[in-house]
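# Fold and geometry: a report
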Amino acid sequence: MSGPRSNILAAVRRALKVTGSEMDRRDRVGARLSAHDRNLVPARSDGGAARKVALFRQMAEKVQTSFDEIGDMAQVPDAIAAYLKSHNLPPELKVAPAKDLADLDWSSQPLLAVAFGKAEEPDPVSVTRALAGVAETGTLVLPSGPESPVTLAFLPETHIVVLRRDEVVGPYEEAFDRLRAKLGEGVMPRTVNMISGPSRTGDIEQRIELGAHGPKRLHVILVGAAAGDEG
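Residues numbered from 1 in each chain as written. Predicted model: local features only at pLDDT ≥ 70, side-chain atom pairs only at ≥ 80, totals over all residues. Heavy atoms only, no water.

## Some remarks on the overall build of the protein chain
Under the convention used in this document: Here a helix means four or more residues in a row that DSSP labels H or I, a strand means two or more in a row labelled E, and each is numbered from the N terminus. Buried residues are those whose accessible area, probed at 1.4 Å on protein chains only, stays under 20% of the maximum for their type, while exposed residues exceed 50% and partly exposed ones sit between those limits. Here, two residues are considered to be in contact whenever any of their heavy atoms come within 4.5 Å of each other. Computed by Shrake-Rupley with a 1.4 Å probe, the accessible areas treat only the displayed protein chains as cover when residues are assessed. Asp and Glu count as negative and Lys and Arg as positive, but His and the ends of the chain are not part of the count. For the purpose of locating charges, the reference atoms are NZ of Lys, CZ of Arg, CG of Asp and CD of Glu.
Across its full length, the protein chain carries six helices and twelve strands. For the protein chain, the spread of C-alpha atoms along the three principal axes comes to 65 × 45 × 45 Å. Per-residue burial for the protein chain yields a buried fraction of 39% across its 231 residues. Restricting the contact set of the protein chain to residue pairs at least 6 apart, pairs at least 24 apart contribute 72%. When the accessible area of the protein chain is evaluated, it comes to approximately 13100 Å², of which 54% is carbon and sulfur surface. Across the protein chain, the mean location of the 29 positive side-chain charges is 7 Å away from that of the 31 negative side-chain charges.

## Points about a nonpolar patch on the surface
Our working definition: Like charges within 9 Å and nonpolar side chains (Val, Leu, Ile, Met, Phe, Trp, Tyr) within 5 Å are joined into patches, using only residues over 30% in relative accessible area that form no salt bridge. The rule for a salt bridge is simple: a side-chain nitrogen of Lys or Arg has to be within 4 Å of a carboxyl oxygen of Asp or Glu.
There is a patch of nonpolar side chains on the surface, built from Ile8, Val12 and Leu16 and spanning about 280 Å² of accessible area. If you trace the backbone, Ile8 turns up in helix 1 (residues 4-16).

## Topic: the side chain of His159
As a reminder of what qualifies: N or O atoms closer than or at 3.5 Å make up a polar contact, with two conditions inside protein: a donor-capable atom paired with an acceptor-capable one, and, for residues adjacent in sequence, both atoms drawn from side chains.
Inspection of the secondary structure puts His159 in strand 7 (residues 158-164). A relative accessible area of 1% places His159 in the buried class. Among the polar contacts made by the side chain of His159, one reaches the side chain of Thr128 at a distance of 2.8 Å.

## Thoughts on the packing of aromatic side chains
Threshold: Whether two aromatic rings pair depends on their centres lying within 6.5 Å, for rings of Phe, Tyr and Trp, where Trp uses its six-membered ring; planes under 30 degrees apart make the pair stacked, over 60 edge-to-face, and the rest tilted.
Counting across every chain of the model gives one aromatic pair. Measuring from ring centre to ring centre gives 5.8 Å for Phe56 and Phe67, while their planes differ by 90 degrees; the resulting arrangement is edge-to-face. Of this pair, Phe56 sits in helix 3 (residues 49-61) while Phe67 sits in strand 1 (residues 65-70), and the two are eleven residues apart along the sequence. One exposure class covers both Phe56 and Phe67, and it is buried.

## Let's talk about the sheet that holds strand 7
We count it as follows: At least two DSSP bridges between two strands are required for those strands to pair. Geometry is summarised by axes, namely lines fitted to C-alpha atoms with helices restricted to the contacting stretch, and by angles between N-to-C directions that run from 0 to 180 degrees.
One open sheet accounts for six strands, arranged 1-12-7-4-2-3; its pairing is parallel. Here the strands that pair on one side only, and so sit at the sheet edges, are strand 1 and strand 3 (113-116). Averaged over all adjacent pairs, the angle separating strand axes in this sheet is 25 degrees, with direction ignored. Of the pairings in the sheet, the one linking strand 2 (residues 92-95) to strand 4 (residues 125-129) comprises three bridges and is parallel in character. From the neighbouring strand, Lys94 faces strand 4, where its bridge partner is Ser126.

## Concerning the sheet that holds strand 8 (residues 168-169)
Taken in spatial order, the four strands make up an open sheet running 8-5-6-9, and their pairing is mixed. Each edge of the open sheet is held by one strand with a lone partner, namely strand 8 and strand 9 (192-195).

## Some remarks on the side chain of Ser45
Assignment of secondary structure puts Ser45 in the loop between helix 2 (23-35) and helix 3. Owing to a relative accessible area of 2%, Ser45 belongs among the buried residues under this scheme. In this structure the side chain of Ser45 is engaged in a polar contact, spanning 2.8 Å, whose partner is the backbone oxygen of Pro42.

## Comments concerning the pattern of salt bridges
Any two side chains of opposite charge can pair, given that their charged atoms come close. In the structure shown here, the tally under the stated rule is twelve salt bridges. Its salt-bridge partner being Asp100, residue Arg129 comes within 2.8 Å of it at the nearest N-O pair. Note that Arg129 is positioned in strand 4 and Asp100 in helix 5 (residues 99-102), a separation of 29 residues in sequence. Residue classification places Arg129 among the buried residues on the basis of a relative accessible area of 13%. Relative accessible area serves as the criterion here: at 28%, Asp100 is assigned to the partly exposed category. Via salt bridges that share partners, Asp100, Arg129, Arg164, Asp166 and Glu167 belong to a single interconnected network.

Printed below as a string of structure tokens:
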């Protein structure tokens, strides 16, 4: 089969003087991919659960991510309603059809207009679940899939992410461990979106403008009792 990808790979093979069918090379690549070796991991990502959560929040707040902390998932509708009211935002939600979001009692906030599915114009607010929060950079990891349509993370101006405290990991490698545990070895979603703060650009007169290529607000609802571990 010809095409740009095949042409590029063929050029690489010619330069390396290989055909691509050498079994020893295939074995080495397979072993490397299956080992999941760690590269250099920043020391700041080490420590116990409480330290990781604190670092995650510190790093995320540096890039204009806002936070609420609640005790359990049942409080999510109340936290969202309070956030929208405090920012004078419309109470209209497009929610990811993840089971733990769909199972919430949204009727406890009757002023919220809640629909499930992918985001479309002119949806103003989206609610998603994250697979993980990466402490070393304050980054949210959102794999795409039926329970997490990609448009929810990019189209609405306000993006609310629900994340449990026990889903905060140290380095990126641990986030990919969680992804493999969820989907299975060798299985990848169509996309894995890594989100650090709201959308931004500095192209206009070298000034940071939020919302240029996606949401202008990123709000995380952190769920779960705070751990006593400070190590």
